[in-house]
Amino acid sequence: MRSIFDKQAYTKVIERITLLSSTNEKRWGKMTLPQMLVHCTAQLRLALGEVPSQPQGSPIMRTAVGKWIAFSNIPWPKGTNTPNEMNMDRNSLILTDIENEKKDLLGYLDRIKSAQKPMPHPFFGELSREEWGRLVYKHIDHHLKQFSQ
């Protein structure tokens, strides 16, 4: 499984984010492109402890089996539940333009690289740095595919 901490995977994600523009076609879901970028940034803010969270979701997600399924190469279904703190319908997250949101996401990706002990995840609980790396990669990859990247 790829990880955001793998230099080649990180570089490719950065390239894909950089290429996003208002011309990218949405393939599924309700979020707009700026909302998706804020949503992905919210995940990194959770990992860094900037956004407090509470355990939520199915307890099976905090088990080895739940983590294995989530972090495997099996694609996530479209419309999968998201932690409350990242849910665009439940939060009044401030949106600006695509370029500013890309800049914020890229800045947080740079910061997460140096995080030694990311915070617990609302669904998965305690995660190692490597598990966070795989989760961040898979989450951002999922949403870049949502917008044809």
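Residues numbered from 1 in each chain as written. Predicted model: local features only at pLDDT ≥ 70, side-chain atom pairs only at ≥ 80, totals over all residues. Heavy atoms only, no water.

Peer 1: Help me understand the layout of surface pockets, please; the structure alone is not making it clear to me.
Peer 2: Taking a probe equal in size to a water molecule and rolling it over the atoms shows the remaining empty space. Taken as a whole, the largest pocket encloses approximately 830 Å³ of empty space. Around the largest pocket, the lining comprises 37 residues; the ones closest to its centre are His-39, Gly-79, Thr-80, Asn-81 and Thr-82. Residue assignment for the lining of the largest pocket shows that the elements contributing at least two residues are α2 (33-47), α3 (64-71) and α5 (129-146). In terms of residues, the lining of the largest pocket owes the most to one element, α5, which gives five residues. (1 Å grid on protein atoms, 1.4 Å probe; cavity = no way out; pocket = protein on both sides within 12 Å on 5 of 7 lines; lining within 4 Å. Points joined across faces, edges and corners; volume = space filled by probe spheres on them. Helix = DSSP H or I, 4+ residues; strand = E, 2+ residues; numbered from the N terminus.)

Peer 1: Which parts of the structure should I look at to understand the pattern of salt bridges?
Peer 2: Side chains bearing opposite charge may pair, as long as their charged atoms lie close to each other. If you walk through the whole model with that rule in mind, you get eight salt bridges. The residue Arg-111 makes a salt bridge to Glu-50 at a minimum N-O spacing of 2.7 Å. Residue Arg-111 is found in helix α4 (residues 98-113), and its partner Glu-50 is found in the loop between α2 and α3; the two are separated by 61 residues along the sequence. Overall, Arg-111 belongs to the partly exposed group, its relative accessible area being 40%. Given a relative accessible area of 30%, Glu-50 falls into the partly exposed group. Among the ionic pairs, Lys-117 bridges to Glu-126, the shortest N-O distance being 3.1 Å. (Salt bridge = Lys/Arg side-chain N within 4 Å of Asp/Glu carboxyl O. Buried < 20%, exposed > 50% of the residue type's maximum accessible area, 1.4 Å probe, protein only.)

Peer 1: How do you make sense of α2 when you look at a structure like this?
Peer 2: Since the α-helix advances by 3.6 residues per turn, residues separated by three or four positions end up pointing in the same direction. Taking 1.5 Å as the rise per residue, α2 with 15 residues should run 21 Å; its terminal C-alpha atoms sit 22 Å apart, in good agreement. Counting buried positions over the 15 residues of α2 gives 13, a clear majority of the element. A positive backbone phi angle near 85° is found at Gly-49, which sits one or two residues after α2. (Expected span 1.5 Å × (residues − 1).)

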